[in-house]
Amino acid sequence: MVLIRYRATPMIALAAVGVLALTSCGAGSRTGNANATTVSCGYTAPEGKTTVNVLAYNSSAIDPFTDTMVSSCSTDDVTLKHDPIDFGGQVTKTTATLAGDTGTYDIIETYGFVIPGLAEDEKLVPLDDLYDELAEEYDLDALSESMRAGMSYDGKLYALPMQAQMFVTAYRTDVFDDLGLKPPTTFDEMITAAEAIKQAGVMEYPIALPWLATADVSTSYQAAMNSLGADFVSADGEVTLDTPEAKQALEAMLSLKPYMDPQVTTFDQPKVQQQMFNGTAAMSIMFSGRMNDLTLPANSKLSDSFGFAGAPKLTADAPYSYNRLSIDGWSIPFNTKLDKKMLFTMMASAVSEKASKASVPAAYPARADMVTDENSPYGAAANDSIDSAMPPVVSPYLADMTNEIRPILVEVLNGNLSVDDGLAQMQSAGEKIAG
Amino acid sequence: MKTREFWVLFFPSLLVMGALLVLPLVRTVQWSFEQVRYGVPGEFVGLANFVEALTDVRFGRAVLFTVSVTVVTTIILLVGGYIIATAVNRLTITRPLVLGIMLVSYVLPNLVGAVAFSWLFDDSFGGLANRIIEAFTGNQVLWFTDQVPNGILVIANTVWSMIPFAMLIILAGLQGVPSELKEAARIDGASSFQTHLHVIIPTIRGVLGFVTLITIMDVLRMFDNLIPLSPQAQSIGNESIMLYVYSVAFADGAQRLGLGSAINVLTILLILIMLIPFIRGIFKEAKAER
Amino acid sequence: MTIKPLDLSTRAITTGGAPRRKPTRRRPLTGILLGLLCVLMLSPFIWMTLSVTKPTDVAFANPPVFSGYTPTLQAFVDLWQTTYFADYLVNTLVVAVVSTVLALVIGIPAAYALSRFPSYVSALLLVLALVFRALPRFAVVLPMYDISKSLGIYDTTFALALALVAINQPFTIWLLRNFFAEIPRELDEAAMIDGCSRIGMLRRVMIPLMGPGILTAGIFVFLFAFQEYLTALVLTDSSSKTVPVFIATQLGQTLPMLQQAGAASMLLTIPVVVIAFIAQKYLVAGLSDGAVKG
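Counting restarts for each chain, with residues numbered from 1 along the sequence as it is written. Both sets of labels track the order of writing: A upward for chains, 1 upward for ligands. Per-residue local features are limited, in this predicted model, to residues with pLDDT of at least 70; the limit for side-chain atom pairs, both in listing and counting, is 80 or more; totals at the level of whole chains, interfaces and linings are taken over all residues.

**Q** What exactly am I supposed to notice about the overall build of chain A here?
**A** The helix and strand labels rest on DSSP assignments: H or I over at least four residues marks a helix, E over at least two residues marks a strand, and numbering proceeds from the N terminus. The number of helices and strands found in chain A is 17 helices and 11 strands. As a reference, a globule follows 2.2 Å times the number of residues to the power 0.38, and the radius of gyration itself is taken over C-alpha atoms. Expected size for 435 residues packed as a compact globule is a radius of gyration near 22 Å; at 23 Å, chain A falls within 12% of this value. For the C-alpha atoms alone, the extent of chain A along its principal axes is close to 75 × 60 × 45 Å. Between the buried cut of 20 or more and the exposed cut of 12 or fewer other C-beta atoms within 10 Å of a residue's own C-beta lies the partly exposed class, and all C-beta atoms are placed from the backbone. Relative to its full complement of 435 residues, chain A shows a buried share of 54%. Any pair of residues counts as being in contact when their C-beta atoms, constructed from backbone geometry, are within 7 Å of one another. Within chain A, contacts between residues at least 6 apart in sequence are counted, and of these 78% link residues at least 24 apart.

See below:
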């Protein structure tokens, strides 16, 4: 009798497995994206069965293009495979797959920041010839020229741009209205608003920024310096981390710390979204690709309390806003064994006009004038932000330099290192890379 | 048994272990003296990798963290495992149920258990455990950005996943304590606590030694659970040795194989040194039994 | 290891067949404390179950929400339908099964052979098993990565299974050897008198006798392969990805995908929990025999 009683537990567990297994009906059958569509994707398929591995992180802005590509270009013999992966994972796998003579991935998502370095190391296939061949068929000339330039290096095109992302401020309209606050246009206004919210006892840490000690935090520092018209290196390749602008930017970031969660250096963008969803923060600044999630009722009960504004400036007289303009696109790695024209066709179909239209409002496509105030809740904010962003400094050393200075930056932000010591260390770390 | 028969039976295993365990180890030792990347023959640099590893502050912190966690975990596992085993020893009918429940954390993959653990302490995910602890202590504890709380979190997770193992082994040992010994102690007027301390524990010395040994060996190699529990490991000084090797020789396409291999070799030496007392004990017993 | 082998049948441990004592006064307190302990040990699992079955808008709410919503299995449906979870699960199971079968096929003869050797060999074997188990795994896995890439077997379930067989082999042999050592040598001689070869005797006499021991070793190897993360992280990429590796790549994702990672965790957990309950006595036998008779 005793033994029978304790057989019950495994039986219950097996029943649970059965129920959960039933949810598996139709495994792998859909991509489930409201912003993806099916487009024509005509290429010459190779003999036999082929798998095309696509590397792209998941976000509400990238997924429409990835899902369009996967659903439109797969046939019986050619399968496009896209494993879900977070942004950190994509960074890791990009470096890993480009490291040797053979790689795992055939189409990789890249962005303006890493293109110079990868192009310099000859890790990406230049796309000019394929572009000329297929531009008319896929209406590629309608892709914004400045964005194509952003995906080029040394006169050659290395990625097909699919969308742009820029910093956008998201804030709680209800909290701001109650306290008579306006969306902040400078860091000082952010602090004033945060003070007011704190005094009113509404939230303890009203500001949330993605400062995770990976690419997130160094991008934020770069954005702060950009607001002052500077960057980690100057246009002629000189490392500029010991300049007054570098110091001012760092101090501006530190001035926001009292109004942010003490564990802010563990926040990536999904976690910052989480702060907004949970009502623990009233304003955040993230890439535009993360804005659409905030408006979906499925994600939180506060979905109609969010408003959007362009990114603020560091100070009222700063030339640009606290902003990074990132262009996302598709590239072909040098070590793929598949036919490059076929891969280019797949990429081109994913950035076609139909696909780009469908991706709004989740994304800000690279085709001109697709996003307006009407068709996107954050459209006005995004357009304002694009206009106020600093044109990027192009340097093949930036990506590596950023990796070197990042640990030092984190130490300063955590209060373990003084600003001056931190700047000096970052300067010498940067000089080691840039030579 | 004839020698030929022995080798026929033993050969497949020997082949697999030789090719897949011994050869890679030899390769690691070879790489530790070279500057080398994957797929490319390396160049000999003598002891440069070892010097770099030993003078690297980050390596020192990794060793300190790993050894501290190992020591604390071992002590908690021995004491906690003993107490729980004693309690479970009294159960009769409910024993299979309790053992089954306790075993869950041991059979779960470490990574999965650590992810579930981290959700309990993360405010972004509702963090129930964090709320309860803050309610009790009145303080805000930063589990992921402060070194000591994060260390406690890692230790808690390691103990959580290994205590079933410790408890089971000690339970087996407790069952082997002759009841006459315990009776004799009680007749002599010993209290319960004294019985435990002076009669039972010395009798199960060997079992406790075994638990200590396995715990030390397993915790020194910790890696899986740090991925979700300590995303800031490097900056707060809570990297384990294995995590350090991973970030130096593999993560993000890092290819400093020479340095990574040197650290591996140093770790092997460290582990061998820690194992020496146990190895000596084993051989002494084997000789005694002969 | 200094304990003389007493009669520690596993039944004794799991069903408490020791002579009944009079219940002491501390019984209820012990029961309550043990109950509390059981809840604590299961709490991460319970929390994850709750988070995964809540609708996304309340799943990770802070402060946590415990009522006022309808539980849903949407995360599981999305996991199966929008990711390649079926593939990952198959990979994990294939790797576990293949490594178990391989480990037993080559481990059983080796363990038998070693069990018939004098006892100092067993001490040496124990030492080797301990040393290999204690090794930092990267010392073995990084060269395996290099070798598998140059041989072209990188990112295959076979390579991963083979790696796991090798890594767990010392422990497997040691465990099986302990079980074999309990079978008296006279039995070997008796079986071979009729002209049976040693290998034939192994097959027809020893292995049937060793049923529980083999099952125990099999369960352990299966569990080790199932739980493996580090080796899978290094040796797999896209085609042979296993579930733990998949879960780790979802840690920086948005809410719905985090819930799917949690759902994947639960689907991975439930089979091993079932094993923990049903195969309890084998796990206990393996662990305790090793400690006590080693």
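After that view, the rundown keeps rolling.
**Q** Quick question: what am I supposed to make of the overall build of chain C here?
**A** For chain C, the count of helices and strands is 15 helices and 0 strands. For chain C, the residues scored as buried account for 58% of the 294 residues in total. Considering only intrachain contacts with a sequence separation of at least 6, the fraction spanning at least 24 residues in chain C is 80%.

**Q** I'm lost on the environment of threonine 66 of chain A in this one. Help?
**A** Residues and elements named next belong to chain A. Inspection of the secondary structure assignment puts threonine 66 in helix H2 (residues 63-73). For threonine 66 and tryptophan 330, which are 264 residues apart along the polypeptide, the C-alpha to C-alpha distance reads 9.7 Å. If sequence neighbours within four positions are ignored, threonine 66 has contacts with Val54, Ala56 and His82.

**Q** Help me understand the packing of helix H16 (residues 398-413) of chain A against helix H17 (residues 419-434) of chain A, please; the structure alone is not making it clear to me.
**A** Two quantities define a packed helix pair, namely the angle between the helix axes and the distance between the axes. All names here are of chain A. Every axis in this analysis is a line fitted to C-alpha atoms, fitted for helices over the stretch in contact. Angles between the N-to-C directions lie between 0 and 180 degrees. The geometry of H16 relative to H17 is characterised by a closest axis approach of 9 Å and an angle of 165° between their N-to-C directions. Between H16 and H17, the interaxial angle falls into the category roughly antiparallel. Between H16 and H17 the crossing geometry is right-handed. Contacts between H16 and H17 involve Asp400, Met401, Glu404, Ile405, Ile408, Leu409, Glu411 and Val412 from the former and Val419, Gly422, Gln425, Met426, Ala429, Gly430, Lys432, Ile433 and Ala434 from the latter. For this scheme, ten residues count as nonpolar: Ala, Val, Leu, Ile, Met, Phe, Trp, Tyr, Cys and Pro. Four count as charged, namely Asp, Glu, Lys and Arg, and the remainder, Gly too, count as polar. Along the lines of polarity and charge, the residues of the contact of H16 with H17 split into 10 nonpolar, 3 polar and 4 charged. Roughly parallel here means an angle under 35 degrees, roughly antiparallel means over 145, roughly perpendicular means 65 to 115, and every remaining angle is called oblique. For any helix crossing, the convention is left-handed if the near helix is rotated counterclockwise from the far helix by under a right angle, and right-handed if that rotation is clockwise.

**Q** Looking at this structure, I do not really get the domain arrangement of chain A. What am I missing?
**A** One widely used convention gives an interface's size as the accessible area the parts lose upon coming together. Residue and element names in this part refer to chain A. All domain edges in this entry derive from an automatic or database-based domain assignment. For chain A, the assigned domains are domain 1 (50-165 + 326-365) and domain 2 (171-324 + 394-434). With centres defined by C-alpha atoms, the gap from domain 1 to domain 2 works out at 28 Å. At the interface, 17 residues of domain 1 touch 15 residues of domain 2. At the level of secondary structure, the elements contributing two or more residues to the side of domain 1 that touches domain 2 comprise helix H3 (87-97) and helix H4 (115-120). In terms of residue count, H4 provides more of the side of domain 1 that touches domain 2 than any other element does, 3 residues in total. Split into classes, the residues belonging to the side of domain 1 that touches domain 2 amount to 10 nonpolar, 6 polar and 1 charged.

**Q** Even after reading the chapter, I still don't get the UniProt feature "transmembrane region" (unreviewed entry) in chain C, so can you show me in this structure?
**A** Residue and element names in this part refer to chain C. Per the UniProt record, the feature "transmembrane region" (unreviewed entry) sits at residues 29-50, 88-112, 124-145, 157-176, 205-226 and 261-279. Along residues 205-226 the backbone is 95% helical and 0% strand, and the end-to-end C-alpha distance reaches 31 Å. This span, residues 261-279, is 95% helix and 0% strand, and a straight line between its end C-alpha atoms measures 27 Å. UniProt positions are given in the numbering used here, feature names are shortened, and annotations may be inferred rather than shown by experiment.

**Q** Explain the interface of chain B and chain C to me, please; I cannot follow it from the model alone.
**A** Taken together, the contacts link 91 residues of chain B with 91 residues of chain C. Counting residues per element, the side of chain B that touches chain C draws most heavily on helix H1 (residues 3-32) of chain B, which supplies 14 residues. Its residues assigned to classes, the side of chain B that touches chain C shows 60 nonpolar, 19 polar and 12 charged.

**Q** Would you explain the sheet that holds strand E7 (residues 167-172) of chain A in this entry?
**A** Whether parallel or antiparallel, the strands of a sheet pair through hydrogen bonds between backbone atoms. Residue and element names in this part refer to chain A. For two strands to be treated as a pair, DSSP must find at least two bridges joining them. The 4 strands lie next to each other as E8-E9-E7-E10, forming an open sheet whose pairing is mixed. With partners counted over all chains shown, the strands left at the sheet margins are strand E8 (207-208) and strand E10 (306-310), one partner each. With 5 bridges joining them, E7 and strand E9 (residues 283-287) adopt antiparallel strand pairing. When the sheet's bridge partners are listed, phenylalanine 167 is paired in E9 with phenylalanine 287. Across the face of the sheet, helix H15 (residues 379-388) comes into contact with E7 and E10 while running at roughly 25° to E10.

**Q** It is not clear to me how the confidence of the model for chain C should be interpreted in this structure. Could you clarify?
**A** Residues shown with low pLDDT carry predicted positions that ought not to be read at fine detail. Residue and element names in this part refer to chain C. Predicted confidence across chain C gives a mean pLDDT of 83, with 88% of residues reaching 70 or more. Note on scores: pLDDT gives the predictor's confidence for each residue, bounded by 0 and 100. Taken element by element, chain C is modelled with least confidence in helix H1 (residues 10-15), mean pLDDT 46, and with most confidence in helix H13 (residues 243-248), mean pLDDT 94. In this model, residues 1-12 is a region of pLDDT below 50 whose contacts with residues beyond four sequence positions or in other chains number 30 contacts. If you check the scores for this complex, the pTM reads 0.90 and the ipTM reads 0.88.

**Q** Sorry if this is basic, but what is going on with the pairing of strand E1 (residues 50-55) of chain A here?
**A** Within a regular strand, the side chains alternate between the two sheet faces. All names here are of chain A. The sheet contact formed by E1 and strand E2 (residues 78-82) spans 5 bridges and is parallel. If you follow threonine 50 over to E2, its bridge partner there is valine 78. A crossover counts as right-handed when, viewed with the strands pointing away from the observer, the path leading from the first strand over the helix to the second turns clockwise. Following the chain from E1 across H2 to the adjacent parallel E2, one finds a crossover that is right-handed. Bridge count for E1 against strand E3 (residues 107-111) is 2 bridges, and the pairing is parallel. Residue pairing for E3: leucine 55 is matched across the bridge by isoleucine 108.

**Q** I'm lost on unusual backbone geometry in this one. Help?
**A** Glycine aside, residues mostly have negative phi, and peptide bonds are mostly found in the trans state. Of note, the bond from valine 360 of chain A into proline 361 of chain A is cis; its omega dihedral lies within 30 degrees of zero at 0°. Residue glutamate 122 of chain A is not a glycine yet carries a positive backbone phi of 60°. Within the secondary structure, glutamate 122 of chain A sits in the loop between H4 and helix H5 (128-138). The phi angle at aspartate 155 of chain C is positive, at roughly 65°, despite the residue not being glycine. When you line up the elements, aspartate 155 of chain C lands in the loop between helix H7 (138-151) and helix H8 (157-181).

**Q** Can you help me understand the sheet that holds E1 of chain A in this one?
**A** Residues and elements named next belong to chain A. Here 5 strands make up an open sheet; going across it, the order is E2-E1-E3-E11-E6 and the pairing mixed. Both outer strands of the open sheet, E2 and strand E6 (160-165), are each paired with one neighbouring strand and no more. Put simply, the sheet's adjacent strands are angled 20° from each other on average, direction ignored.

**Q** Before we go on, may I ask you to explain the packing of helix H8 (residues 179-187) of chain B against helix H9 (residues 192-203) of chain B in this structure?
**A** Residues and elements named next belong to chain B. The interhelical angle for the contact between H8 and H9, taken along N-to-C directions, is 160°, at an axis separation of 10 Å. Taken together, the axis directions place H8 and H9 in an arrangement best described as roughly antiparallel. Where H8 crosses over H9, the two elements pack in a sense that is right-handed. Residues Leu181, Lys182, Ala185 and Arg186 of H8 form the contact with H9, whose participating residues are Thr195, Val199 and Thr203.

**Q** Just to check I follow, could you spell out the pairing of E7 of chain A for this structure?
**A** Residues and elements named next belong to chain A. Counting buried positions over the 6 residues of E7 gives 6, a clear majority of the element. By the alternation rule, side chains of E7 split into Phe167, Thr169 and Tyr171 and Val168, Ala170 and Arg172, which are all buried. In the sheet, E7 pairs with E10 via 5 bridges, with the strands oriented antiparallel. For valine 168, the partnering residue across the bridge sits in E10 and is glycine 310.

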